[in-house]
Amino acid sequence: MRVALTGATGFSGPLILESLLEQGHEVAALARKPEALDGRKVQIVKGDLADEAALAALVKDADAVLHVAGAISARNRFGFFAANLEGTRKLYAAARGAGLKRFVFVSSMAAREPALSSYGASKAAAEHFLIGQYGGPEVLVLRPPAIYGPGDKATLPLMKALQAKTAFVPGRKDARFALMHVRDFARVAAEAVASPRTGLVELDDRNGSYDWTMLAAESRRLTGLPQRVVYIPKPVAYAAAAAMEGYSRVTNRPSLTNPGKVNELYHRDWTAGGEIWPRERAIGLSEGLAETLNWYRQHGWLPPLSQETRSAS
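Bear in mind the structure is a predicted one, so any value in this text is a computation, not a measurement.

Draft legend 1. Spatial organisation of the nonpolar core. Residues Leu5, Ile16, Leu20, Leu66, Leu142, Leu203 and Trp277 are the most contacted members of the largest nonpolar core, which totals 31 residues. Contributing elements (two or more residues each) for this core: strand S1 (2-6), helix H1 (13-22), strand S2 (26-31), strand S4 (64-67), strand S5 (102-106), strand S6 (138-143) and helix H6 (182-194). Broken down by element, the residue count for this core peaks at eight residues, all from H6. In this structure Trp277 touches Leu140, Leu142, Val188, Glu191, Ala192, Ser195, Arg197, Val201, Glu202, Leu203 and Arg206, once residues within four positions along its chain are discounted. Residues Val45, Leu49, Phe105 and Ala126 belong to the second largest nonpolar core, which totals 27 residues.

Draft legend 2. Expanded view of the layout of surface pockets. Within this model, the second largest pocket holds a volume of roughly 210 Å³. Lining the second largest pocket we find 19 residues, and of these Phe80, Ser118, Glu245, Asn258 and Gly260 sit closest to its centre. Taken together, the elements giving at least two residues each to the lining of the second largest pocket come down to helix H3 (77-97), helix H4 (118-131), helix H8 (234-251) and helix H9 (259-265). Broken down by element, the residue count for the lining of the second largest pocket peaks at four residues, all from H9.

Draft legend 3. Representation of the packing of helix H2 (residues 52-59) against H3 within the structure. Between H2 and H3, the shortest axis-to-axis distance is 9 Å and the interhelical angle comes to 45°. One finds that H2 runs oblique with respect to H3. Here H2 runs over H3; the crossing is right-handed. Note on element contacts: H3 touches H2 through Lys90, Leu91, Ala94 and Ala95, opposite Glu52, Leu55, Ala56, Leu58 and Val59. Classifying every residue of the contact of H2 with H3 by side-chain character gives seven nonpolar, no polar and two charged.

Draft legend 4. Representation of the pattern of salt bridges in the model. Taken as a whole and judged by the stated rule, the model has 14 salt bridges. Among the salt bridges present, the one from Glu264 reaches Lys261, with a minimum N-O distance of 2.9 Å. One end of the pair is Glu264 and the other is Lys261, both in helix H9 and three residues apart, which spans about a single turn. The exposure class of Lys261 is partly exposed, given its relative accessible area of 29%.

Draft legend 5. Quick look at the side chain of Asp205. Topologically, Asp205 is positioned in the loop between strand S11 (199-202) and helix H7 (212-223). Within polar-contact distance, the side chain of Asp205 engages the side chain of Tyr210 at 2.5 Å.

Draft legend 6. Here's a closer look at the sheet that holds S2. Judged by pairing direction, the sheet is parallel, and its seven strands sit side by side in the order S3-S2-S1-S4-S5-S6-S11 without closing on themselves. Every other strand in the sheet has two partners, leaving strand S3 (43-46) and S11 as the edge strands with one partner each. Between one strand and the next, the sheet's axes are offset by a mean angle of 20°, whatever the strand orientation. Those strands touched by H1 are S1, S2 and S4, and its axis lies near 175° from that of S1. Along the sheet, H3 makes contact with S1, S4, S5 and S6, crossing S5 at roughly 165°.

Draft legend 7. Expanded view of unusual backbone geometry. With an omega of 0°, the peptide bond between Leu225 and Pro226 qualifies as cis. At Arg206, a position not held by glycine, the phi torsion is positive, near 70°. Tracing the backbone through its elements, the reader meets Arg206 in the loop between S11 and H7. You will see that Asn252, though not glycine, has its phi angle at about 65°, which is positive. By the secondary structure assignment, Asn252 is in the loop between H8 and H9.

Draft legend 8. Representation of the packing of aromatic side chains within the structure. Inspection of the entire model under this criterion finds seven aromatic pairs. Ring geometry for Trp295 against Tyr296: centres 6.0 Å apart, planes inclined by 75°, an arrangement best described as edge-to-face. Note on Trp295: relative accessible area 22%, which makes it partly exposed. A relative accessible area of 0% means that Tyr296 is categorised as buried. Here a set of aromatic residues connected by ring pairs shows up, and it is made of Tyr92, Phe103 and Phe129.

Draft legend 9. Structural context of the environment of Asn258. With respect to the secondary-structure elements, Asn258 resides in the loop between H8 and H9. Sequence separation of Asn258 and Asn76 is 182 residues, and the distance between their C-alpha atoms is 9.8 Å. Ignoring any residue separated from it by four or fewer positions in sequence, one finds Asn258 in contact with Ala241 and Glu245. Looking at Asn258, its side chain comes within polar contact range of the main-chain nitrogen of Gly260, at 3.1 Å. A distance of 2.8 Å separates the side chain of Asn258 from the backbone nitrogen of Lys261, its partner in a polar contact.

What counts, and where the lines are drawn
Here, residues in each chain are numbered from 1, in the same order as that chain's written sequence. Residues qualify for local features only when their pLDDT is at least 70, as the model is predicted, and side-chain atom pairs are given and counted only at 80 or more; totals for whole chains, interfaces and linings, by contrast, use all residues. Side-chain numbers here rest on the full set of heavy atoms in the structure, without hydrogens or water. Only buried residues count toward a nonpolar core, which is a set of Ala, Val, Leu, Ile, Met, Phe, Trp, Tyr and Cys residues joined through side-chain atoms within 4.5 Å. Each residue gets one of three labels from its accessible area relative to the maximum for its type: buried under 20%, exposed over 50%, partly exposed in between, using a 1.4 Å probe on protein chains only. In this text, helices come from DSSP runs of H or I with a minimum length of four residues, and strands from runs of E with a minimum of two, each type numbered from the N-terminal end. By definition in these notes, contact holds between two residues if any of their heavy atoms fall within 4.5 Å. Think of a 1 Å grid over just the protein atoms. A cavity is a set of points where a 1.4 Å probe fits yet cannot get out, a pocket is an open set with protein on both sides within 12 Å along at least five of seven lines, and lining residues have an atom within 4 Å of a point. Grid points are joined across faces, edges and corners, and a volume is the space filled by probe spheres set on the points. Throughout, an axis means a line fitted to C-alpha atoms (over the contacting stretch in the case of helices), and angles, computed between N-to-C directions, take values from 0 to 180 degrees. For classification purposes, an angle smaller than 35 degrees is called roughly parallel, one larger than 145 roughly antiparallel, one from 65 to 115 roughly perpendicular, and anything else oblique. Whether a crossing is left-handed or right-handed is set by the direction in which the near helix is turned from the far one by less than a right angle, anticlockwise for left-handed and clockwise for right-handed. Each residue gets one label: Ala, Val, Leu, Ile, Met, Phe, Trp, Tyr, Cys and Pro are nonpolar, Asp, Glu, Lys and Arg are charged, and the others, such as Gly, are polar. The working definition used for a salt bridge is a side-chain nitrogen of Lys or Arg within 4 Å of a carboxyl oxygen of Asp or Glu. Here a polar contact is taken to be a pair of N or O atoms separated by no more than 3.5 Å, where protein atoms must pair a possible hydrogen donor with a possible acceptor and residues adjacent in sequence count only if both atoms sit in side chains. Note: two strands are recorded as paired if DSSP finds a minimum of 2 bridges between them. Planes of paired rings set the category: under 30 degrees apart is stacked, over 60 is edge-to-face and the rest tilted, where pairs are Phe, Tyr or Trp rings (Trp by its six-membered ring) whose centres lie within 6.5 Å.

This is how it looks when you write it as structure tokens:
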């Protein structure tokens, strides 16, 4: 198939592109900075989700769209909806106009609770729009959980917290959540393009759900850290997030830390439901966390382990 791909230059994008090529597809990729895709066997279309001419060029002669791009941070609610809803609408309109048969949209587990955050609300609105369409490309919505792995900046603060002697965790002790390694997610996203499935599917790593105690215990087994876990009260985390949001408005730069993100972190249940996407060998937490922490240390994103903590692990 010929696949029109958005989000090829993000965290998971390069691995998704690699998976698509490995599965024998041709790829046209949308990129604001085409140089980020230099050297890859892909047709590069310069532009973004607001550029209707670029979207028309992206979907020309394609069989399917794999829509991964979106905003995980924005200066305000309008910014989330402009990227995640309006960008999706424009891309679907382009695909429909070009006669494409399939549209795969990467949403988020946060869309399940749209009242918690502007991010979740914008993803839920995009889902609602797509699933309500008739007579155009068939739609599959993928809802991944928290995706982690080498190179991920979004989960780095939580990994840093776990690699301290005392881990100060912004979350609830009784919260349950799903996880997924980025390579697993990339394979599933690429497989979804040629799959006959439609509707909505939630994803996880096929190992059920986790909690912070389990995550800390696995980190301790690998590195000797953390030695104890302290749960930050939500009002404290909320106040810090509000201050960060205020600073981002002053500097005119979006921040990953905001009150909506705090609401998501303190939600009790982010486990996947329904029929989970089948695959032969899912990457479990032990393997995935070890690889991720090692990558962070090799690239200077985490400090090296002391002899004391190496001995403890």
